[in-house]
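# Residue-level structural notes
In case you want the letters, here they are:
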Amino acid sequence: MTYLSHLECGYCGKTYEADAVWNLCTQCRKPLLARYDLKAARKGVDREAIARREHTLWRYAELLPIRDAAKRLSLGEGFTPLVHARRLGAVMRHEHLYIKDEGLNPTGSFKARGLGVAVSRAHELGITELSIPSAGNAAGAMSAYAALGGMKAHVFMPSDVPPPFIAECRAVGAEVTLVDGLITDCGKAAAEGVQQFGRFDCSTLKEPYRIEGKKTMGYELAEQFGWALPDVIVYPTGGGTGLIGMWKAFAEMEALGWIDSKRPRMVCVQREGCAPMVRAFEENAEFARPWEDAKTVAVGLRVPAAVGDFLILRVLRESGGTAVSLPDEEMIIGSMLIGRTEGIFVCPEGGATLAAFQRLRKQGWIGDGERVVLLNTGSGYKYYHLWKDR
Ligand SMILES: *Cc1c(COP(=O)(O)O)cnc(C)c1O
């Protein structure tokens, strides 16, 4: 059972009926967010009971947007390990260093959370054809859940995306279109099919439910820390869905009476060759200007413009957080350090969080004894090309 009540524009506050099909706010073209009757949920959901449930993100079903459990499309996503990285911590001289290992999700990245929930909801609402522009991991995740729901998947990816990202989509039956350009160009190519053939657009934050899947990382962190939150969360940011989602989860959990008002400082990590959020944070801007000529090996971070930019910037400011940009080489060195100490084959985006941690620790922004979570957002397997010559 869900306590889903309505949708609300994250910018202008206009509300929408939850059980109709929506993309962006029809008034201001900004993201819609799912709202729940948290007062009723506070009485109806017991956080102790959750501990006995299945080890997937569906353990938080009352705070997810699916009404009929039979419509759930699940490959076992979520409830990933929170690793206390003791050997890495010893090298860093930092005792309380943790890695949330999202590489263990189905399809090898945390995109399975967002798309597991979004495709389930689309399935429940009777949608049969899905479309997505993706820099890599989102395409594979959407394709997998579409297959499970017997839905048609159309994916649009940059033509220079590494081959495993294309292979995994084709292997589960998606129709792949390669586009010369970046994810924003893929978005334009996908939009034609959306307008002409009525395919449902699963672009992040252009539909209301991917963020609902990704927010479960926030629920899990609280549960895994014994219903407390860490001091700092370091997040490799593309569209920012996970960052905004975790922040939303914290507010929901406080309203549910599950946690207190203490919040982590949220850190956004981007690559020097594509850092629109870092630039906007430093300029104290409300929105981010699109980044020209975006380049990075971390495909998940190759996002020159994000629809949720104002939401990301709000989270960074409200949390007392910060934004860091790094060169590719530091990300790869960070990945190797995690691999050699903790035995986890992480994606370069995951490596970036360690490099950002090192920088912030050195500057004293992160203090001794603070509990820090690095989000390893995906597995390293699809990026094998980065390791060929090392
Ligand atoms: C998509 C992706 C990101 C960025 O996630 P957002 O929530 O869009 O900011 C980071 N790492 C990996 C591996 C990704 O696939």
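Starting afresh in each chain, residues are numbered from 1 along the sequence in its written order. Local features are withheld for residues below a pLDDT of 70 in this predicted model, meaning they are given only at 70 or higher, and side-chain atom pairs are given and counted only at 80 or more; totals for whole chains, interfaces and linings count all residues. With hydrogens and water stripped out, all remaining heavy atoms of the structure feed into the side-chain values.

## As for the overall build of the protein chain
Rule in force here: In this description a helix means any DSSP run of H or I spanning at least four residues, a strand means any run of E spanning at least two, and both kinds are numbered starting from the N terminus. C-alpha atoms define the radius of gyration in this analysis, and the globule rule sets the expected value at 2.2 Å times the number of residues to the power 0.38. Each residue is placed in one exposure class: buried if its accessible area under a 1.4 Å probe, protein chains only, is under 20% of its type's maximum, exposed if it is over 50%, and partly exposed if it falls in between. Two residues form a contact once any of their heavy atoms are found within 4.5 Å. Calculation of accessible area relied on Shrake-Rupley with a 1.4 Å probe; when residues are assessed, cover is drawn exclusively from the protein chains displayed. Counting rule applied: Lys, Arg positive; Asp, Glu negative; His and chain ends not counted. Think of each charge as sitting on NZ of Lys, CZ of Arg, CG of Asp or CD of Glu.
In terms of regular secondary structure, the protein chain is built from 13 helices and 13 strands. Over its C-alpha atoms the protein chain spans a radius of gyration of 19 Å, differing by no more than 12% from the 21 Å that the globule rule assigns to 390 residues. Seen through its C-alpha atoms, the protein chain measures out along the principal axes to roughly 50 × 50 × 40 Å. Expressed as a percentage of the 390 residues in the protein chain, the buried residues total 61%. Contacts spanning at least 24 positions in sequence make up 70% of the contacts within the protein chain whose residues lie at least 6 apart. Counting every atom, the protein chain has about 14700 Å² of accessible surface; 49% of that belongs to carbon and sulfur. When the 48 basic and 46 acidic side-chain charges of the protein chain are each reduced to a single mean position, those positions are 1 Å apart.

## Description of the sheet that holds strand β12 (residues 322-326)
Within a sheet, adjacent strands bond to each other through the backbone by hydrogen bonds, running parallel or antiparallel. Threshold: We treat two strands as partners when DSSP finds at least two bridges between them. A fitted line through C-alpha atoms represents every axis, and for helices the fit uses only the stretch in contact; the resulting angles, taken between N-to-C directions, go from 0 to 180 degrees.
In space, the six strands of this open sheet follow the order β4-β5-β13-β10-β11-β12, with mixed pairing throughout. The open sheet terminates on both sides in strands that have one partner only, identified here as β4 (82-84) and β12. Averaged over all pairs of adjacent strands, the angle between strand axes in this sheet comes to 25 degrees, irrespective of strand direction. Against the sheet, helix α11 (residues 309-318) engages β11 (265-271) and β12, with an angle of about 130 degrees to β11. The strands touched by helix α12 (residues 328-342) are β4, β5 (97-101), β11 and β12; relative to β12, the strand with the most contacts, the crossing angle is about 100 degrees.

## Quick notes on the pattern of salt bridges
Spelled out, the test is: For salt bridges, the criterion is a side-chain nitrogen of Lys or Arg within 4 Å of an Asp or Glu carboxyl oxygen.
Going through the model one piece at a time under the given rule, you end up with 27 salt bridges. Note that Glu62 and Arg53 form a salt bridge whose closest N and O atoms lie 2.9 Å from each other. By relative accessible area, Glu62 is classed as buried at 12%. In this structure, the salt-bridge partner of Arg271 is Asp328, at a minimum N-O distance of 2.8 Å. Residue Arg271 is found in strand β11, and its partner Asp328 is found in helix α12; the two are separated by 57 residues along the sequence.

## Brief notes about empty space enclosed by the protein
The following threshold applies: As defined here, a cavity is a set of points on a 1 Å grid over the protein atoms alone where a 1.4 Å probe fits but cannot get out. A pocket is an open set with protein on both sides within 12 Å along at least five of seven lines, and residues line them when an atom is within 4 Å of a point. Grid points are joined across faces, edges and corners, and a volume is the space filled by probe spheres set on the points. For this classification, Asp, Glu, Lys and Arg are treated as charged, while Ala, Val, Leu, Ile, Met, Phe, Trp, Tyr, Cys and Pro are nonpolar and the rest, including Gly, are polar.
All chains considered together, the criterion is met by one cavity of 30 Å³ or more. The computed volume of the largest cavity comes to approximately 60 Å³. Ala20, Val21, Trp22, Ala118, Arg121, Ala122, Leu125, Ile127, Phe200, Glu207, Pro208 and Tyr209 together form the lining of the largest cavity. Looking at the lining of the largest cavity, the element that brings in the most residues is helix α4 (residues 111-124), giving three residues. Residues that form the lining of the largest cavity fall into these classes: 10 nonpolar, no polar and two charged.

## Overview of the packing of α4 against helix α8 (residues 210-224)
Pairs of packed helices are described in terms of their axes, by the angle between the two and the distance that separates them. For the record, the criterion: If an angle is under 35 degrees, it is roughly parallel; if it is over 145, roughly antiparallel; if it lies from 65 to 115, roughly perpendicular; otherwise it is oblique. Crossings are assigned a handedness: left-handed for a near helix turned anticlockwise from the far helix by less than a right angle, right-handed for a clockwise turn.
Running from N to C, α4 and α8 point in directions that differ by 130 degrees, and their axes come no closer than 6 Å. The orientation of α4 relative to α8 falls into the category oblique. Once α4 is placed against α8, the crossing between them reads as right-handed. Each of Lys111, Arg113, Gly114, Leu115, Val117 and Ala118 in α4 lies in contact with α8, whose residues at this interface are Arg210, Glu212, Gly213, Lys214, Thr216, Met217 and Glu220. Residues belonging to the contact of α4 with α8 are distributed by class as follows: four nonpolar, three polar and six charged.

## Let's talk about the side chain of Glu220
Summarising the element assignment, Glu220 is placed in helix α8. For Glu220, a relative accessible area of 0% corresponds to the buried category. Apart from the residues within four sequence positions on either side, Glu220 is in contact with Leu57, Tyr60, Gly78, Phe79, Thr80, Lys100 and Arg113.

## A short note on the site of the ligand
Our working definition: Consider each residue's heavy atoms; a residue with any of them within 4 Å of a molecule or strand counts as near. N or O atoms within 3.5 Å of each other form a polar contact, as long as, within protein, one can give a hydrogen and the other can take it, and as long as residues adjacent in sequence are counted only when both atoms are side-chain atoms. If over half the atoms of a molecule are within 2 Å of the grid points of a cavity or pocket, the molecule is regarded as sitting in it.
Near the ligand there are 17 residues, and of these Lys111, Tyr235, Gly238, Gly240 and Thr377 occur at the shortest range. Between the ligand and the protein, one listed contact pairs an oxygen atom with a side-chain N or O atom of Lys111 at 2.8 Å. In the model, an oxygen atom of the ligand is placed 2.6 Å from a nitrogen or oxygen of the Gly240 main chain. If you map the ligand onto the pockets, it falls in the largest pocket.

## Concerning the nonpolar core
Generally speaking, a soluble globular protein has its nonpolar side chains buried in company with each other. Applicable threshold: Residues belong to one nonpolar core when they are buried, are Ala, Val, Leu, Ile, Met, Phe, Trp, Tyr or Cys, and are joined through side-chain atoms within 4.5 Å.
Core analysis: the largest hydrophobic core is formed by 68 residues, its most contacted members being Met246, Phe250, Met253, Trp258 and Met266. Of the residues forming this core, the biggest block, seven residues, is contributed by helix α9 (residues 241-255). Every residue in contact with Met253, bar those within four places of it in the chain, is listed here: Gly218, Tyr219, Ala222, Trp227, Trp258 and Ile259. Phe165, Cys169, Ala174 and Val299 belong to the second-largest nonpolar core, a separate cluster that totals 32 residues.

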